[in-house]
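# An overview of the molecular structure
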Amino acid sequence: MPNANTYIQLMDISTANSKKQISFDEFKSEIIADYKIAVTSRECSLLGRREVLTGKAKFGIFGDGKELPQIAMAKAFNEGDFRSGYYRDQTFMMALDLLTPKDLFHGLYATTDIEKEPMSAGRQMGGHFVTHSLNEDGSWKNLTKQYNSSADISPTAAQMPRLLGLAQASKVYRSEKNINGNLFSVQGNEVAWGTIGNASTSEGLFFETINAGGVLQVPMVVSVWDDEYGISVHAKHQTTKESISEILKGFQKEEGTNGYEIFKVNGWDYPALVKTYQEAALIAREKHIPVIIHVVELTQPQGHSTSGSHERYKSDDRLIWEKEQDCNVKFRSWILENGFAEEESLLQIEKDIKRDVRNAKKEAWSEFLTPHLAYKKDLVKVLRSVSENTQNKAAIISILNDLIAIEEPIKKDLAAKARLALRGLIGEQSKEREMLKNWLLRFMTEMQPIYSSHLYSEHENKATNISAVQPTYSKDAPMVDGRLILRDNFDLLLGKYPEFLIFGEDSGTIGDVNQGLEGLQKKYGETRVADTGIREASIIGQGIGMALRGLRPIAEIQYLDYMLYALQTLSDDLASLRYRTFGKQKAPLIVRTRGHRLEGIWHSGSQMGGLIHFLRGMYILTPRNMTVAAGFYNTLMKSDEPAIVIESLNGYRLKEPMPNNLTEICTPIGVVDILKEGKDITVLSYGSTLRIVEQVIGSLQNYDIDVELIDAQTLLPFDLKHEVLESVKKTNRLIVIDEDVPGGCAAYLIQEIIEKQGAFKYLDAPPITLTAKAHRPAYASDGDYFSKPNAEDIFESIYNIMHESNPSAYPEL
Ligand SMILES: Cc1ncc(C[n+]2csc(CCOP(=O)(O)OP(=O)(O)O)c2C)c(N)n1
Ligand SMILES: [Mg+2]
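## Regarding unusual backbone geometry
For the bond from leucine 716 to proline 717, the omega torsion is -5 degrees, close enough to zero to count as cis. The residue proline 717 is located in the loop between strand 20 (714-716) and helix 25 (723-731) in this model. Although it is not a glycine, glutamate 242 adopts a positive phi angle of roughly 55 degrees. Structurally, the position occupied by glutamate 242 is in the loop between helix 8 (235-238) and helix 9 (244-247). Not every positive phi belongs to a glycine, and aspartate 506 is a case in point at roughly 70 degrees. Taking the relative accessible area as the measure of exposure, aspartate 506 reaches 34% and is therefore partly exposed.

## A look at the coordination of the magnesium ion (ligand 2)
Taken together, Asn198 (OD1), Asp227 (OD) and Tyr229 (O) make up the full set of protein donors to the magnesium ion (ligand 2), lying 2.0 to 2.1 Å away. When the donors of the magnesium ion (ligand 2) are listed by position in the chain, the intervening gaps give N-x28-D-x1-Y. With asparagine 198 in the loop between strand 3 (192-197) and helix 7 (204-216) and aspartate 227 in the loop between strand 4 (220-225) and strand 5 (229-230), this residue pair connects regions lying 29 residues apart in the sequence. A single burial state applies to asparagine 198 and to aspartate 227, both of which are buried.

## Section: the nonpolar core
By size, the foremost hydrophobic cluster in this structure holds 191 residues, and its most contacted members are Tyr277, Ile335, Phe490, Leu570 and Ile620. If we ignore the near neighbours within four places in the chain, the residues touching phenylalanine 490 are Phe500, Ile502, Gly516, Leu517, Leu520, Ile554, Arg592 and Tyr633.

## Some remarks on the sheet that holds strand 1 (residues 82-84)
Taken together, 6 strands build an open sheet; the order of strands is 2-1-3-4-8-7 and the sheet is parallel. Looking at which strands have only one partner, the edges of the open sheet turn out to be strand 2 (148-149) and strand 7 (261-266). Here 6 bridges tie strand 3 to strand 4, and the two strands are oriented parallel to one another. From the neighbouring strand, tryptophan 193 faces strand 4, where its bridge partner is valine 221. Strand contacts of helix 6 (residues 159-175): strand 1, strand 3 and strand 4, with the helix running at about 165 degrees to strand 3, the strand carrying the most contacts. Helix 10 (residues 270-287) contacts strand 3, strand 4, strand 7 and strand 8 (291-296) of the sheet and is inclined by roughly 165 degrees relative to strand 7.

## Here's the deal with the pairing of strand 7
Put simply, side chains in a regular strand alternate between the two faces of the sheet. In this structure, strand 7 lies alongside strand 8, joined through 6 bridges in parallel fashion. Counted as the bridge partner of isoleucine 262 is isoleucine 292 from strand 8. Following the chain from strand 7 across helix 10 to the adjacent parallel strand 8, one finds a crossover that is right-handed.

## A word on the site of ligand 1
Not every one of the 18 residues close to ligand 1 is listed here, only the nearest: Tyr86, Tyr87, Arg88, Asn198 and Ser200. In this structure, a nitrogen atom belonging to ligand 1 sits 3.0 Å away from a main-chain N or O atom of threonine 156. For ligand 1, an oxygen atom lies 2.5 Å from a polar atom in the side chain of serine 200. Isolated, ligand 1 exposes 580 Å² of accessible area, and the fraction of that covered by the protein chains is 72%.

## Quick look at the sheet that holds strand 17 (residues 673-676)
Taking strand neighbours across the sheet as the criterion, the 5 strands line up as 17-19-18-21-22 in an open arrangement whose pairing is mixed. Of all the strands in the sheet, the pair left with one neighbour each is strand 17 and strand 22 (768-770). Ignoring which end each strand starts from, the neighbouring axes of this sheet average 25 degrees apart. For strand 21 (residues 734-737) and strand 22, the ladder comprises 3 bridges, and the chain directions are parallel. Bridge pairing links isoleucine 735 to isoleucine 768 in strand 22. Packed on one face of the sheet, helix 25 meets strand 17, strand 18 (681-685), strand 19 (707-711) and strand 21 and runs near 150 degrees to strand 18.

## Overview of the environment of tyrosine 785
You can see tyrosine 785 is positioned in helix 27 (residues 780-787). For tyrosine 785, a relative accessible area of 35% translates into the label partly exposed. Along the backbone, tyrosine 785 and alanine 772 are 13 residues apart, and their C-alpha atoms lie at a distance of 9.8 Å. Contact partners of tyrosine 785, with chain neighbours within four places excluded, come to Asn790 and Glu792.

## What about the pattern of salt bridges?
A complete count under the given rule lists 51 salt bridges for this structure. One salt bridge in this structure joins glutamate 30 and lysine 75, with 2.6 Å as the shortest N-O distance. Taken together, the residues span a long stretch of sequence, with glutamate 30 in helix 2 (residues 24-53) and lysine 75 in helix 3 (residues 67-76) at a distance of 45 residues. Residue classification places lysine 75 among the buried residues on the basis of a relative accessible area of 13%. Three or more residues are tied together by salt bridges with common partners; here these are Asp512, Glu556, Arg592, Arg594 and Glu647.

Criteria and cut-off values
Residues numbered from 1 in each chain as written. Chains lettered and ligands numbered in written order. Predicted model: local features only at pLDDT ≥ 70, side-chain atom pairs only at ≥ 80, totals over all residues. Heavy atoms only, no water. Helix = DSSP H or I, 4+ residues; strand = E, 2+ residues; numbered from the N terminus. Buried < 20%, exposed > 50% of the residue type's maximum accessible area, 1.4 Å probe, protein only. Donors = N, O, S within 2.8 Å, 3.2 Å for Na, K, Ca; no water. Core = buried A, V, L, I, M, F, W, Y, C linked by side-chain atoms within 4.5 Å. Contact = heavy atoms within 4.5 Å. Pairing = 2+ DSSP bridges. Axes fitted to C-alpha atoms, helices over the stretch in contact; angles between N-to-C directions. Right-handed = clockwise from strand over helix to strand, strands pointing away. Near = heavy atom within 4 Å. Polar contact = N/O pair within 3.5 Å; in protein donor to acceptor, adjacent residues only side chain to side chain. Areas by Shrake-Rupley, 256 points an atom, 1.4 Å probe, with all protein chains shown as cover. Salt bridge = Lys/Arg side-chain N within 4 Å of Asp/Glu carboxyl O.

Here's what the structure looks like:
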């Protein structure tokens, strides 16, 4: 007898969540449809693992043992909602039709066609999920009409910071009526759904985000998939009391407090899961109260990944328990016990699914191979011709035969064989050699972008395409503190762009520690100009999540030195976003910070070398004054790419003339500024140090040294027009001065100028860097003097270069 009680219970919840009432037959078929998803997903995991063990795929990590809660989560997930999860969530993706078995296998093989491998065009390991937020031209799709998944990354818990922002966006859209959020939100009714493994909750990012979510009261539902292990390490080494829901109890919302609703549910209990997820959705969606769902008693039938087997670390008892508690097994029994299906029909379903998944796998493999085989055929033809007209016939034929023997070639095989053959033709001239060269050139030109494109935007409005607009001044332009230029510019930006908001530590009430936002919270409200807790990584996460949903956040990191707390999120999540999604998602977050040359180990850092290397995929901008900085913000707001703007900490009180075209000023990105022309030596610098260089120029002039001074302005990207090269062609001497460690950013700039711009042949003297000492900058004025390049260092370094090239004109110092 089918269990009518279960039906009635579940219907109660569904109705409460405003889903239409369904008949008992419809209910039964929904259960069977769910069972099919669970079995399909499991079959993919089983076959997927085998594909790795036989060598067709390189690595496999699957969602087996976690199927059922994901099906329940998918039922509560609405269009417009966002997921921020991790590599176990294939069943969720399948339940919403965002991933087919064939897609999954394409992901395993690393098929590079985005149509066939929609998760990353082969760039990410399987198990990293994504949906496409952007149209071909880079514009937004209507995200309220699709299920959305932000792009997964591998570092455990790194999905948490962005989850916060994804949820916060709903809150912003609900409260800020002036924003045109048609493509992103329907009155803030969207829930952001996080998933995380039990062991990954040990990470700081998890706790930081949970706390911030409780403070902000944003609609996020965090599911913890608890299988008691993190690879081989048991919960007793991971979590106090071995239970995340137990230790999070202090976050429980009570009458009159903020906080979370916290649920604990068994991962094999279908009706309980469905009920829990419906309730959670309701609470988060309507009331914007965050929810934690601790899903326990989950299993991992095949162990963690294809890197090892779980028999090495799980006891026999645990292994037996996992077999019995397997959520799919328990779901099957529940269906039979409640009479929702007969044994035979389940057997038939399972058989059909096995066949379908096997076919999907075969098709995916064949589609993966097809283009490679076409290239191979082409290359075989070319090498055959080459072999008929060469003095190195034996070697070429041997390469050709090796190539023919590769039945299932990958691109690397083809490139390597062609290059090997070309090497064998060194010294020969023939049309066949030309043919091979052309084949290889075409092949590499076609292949390289498949692996290297979309690091930055490739669309019309990319940041480096925004044209410069110079500041203009009225005749009686007042000289004002630099911070006022920023403040007035932010004021105008807040007025111009309703979707623009700015937040950080002390950014709200006092208008930031240097008062660049003075009075703006009063004028624009607590949502748009906001204080945050001291939690740099999740401040960035707020920014990423909101930018993923069409808002234009500026996340403020109070001091450059504390960027390190956020560096992992910036590097792994933000900087790689376009690249890892093959240009299908964007998060145009602007990070505002201030740094350089104050005093003390943690208030004067200039770790630019670290930033430029960790953050490829972002723009790194170092304005020398606040007018240039304001221009960068304006440029960035016209574009849609992520950037960091580092304001000079000691520049807020320096006087600058107030421009009369504030919001129009655009400082171009990737363009240097030649501040003084000169004939003797090219001096490249940026930020606060540049001001000291400017002070030295006069003294150098007294010694008959005519400096050409260039402000790098934008470190990533640097000098796209190669203006420094033109300068070096004229001066034949080069020094790069900054306050990073030796071999840091200055070394990068030298590499750009010498290697990329090709300045080597125009130099009469070795290019020199003048940097800070290798240690952290010591405190106070003397600490600064003996840690960072000072006026005397700069004078002497430049003088010495002149002395070396012309000792009689410039005698020894
Ligand atoms: C920051 C970081 N450290 C280590 C790893 C390697 N690693 C990948 S998964 C994993 C265990 C995660 O366990 P859990 O969170 O319980 O998820 P499960 O795989 O059990 O679902 C580890 C240590 C990683 N990916 N990222
Ligand atoms: Mg685990």
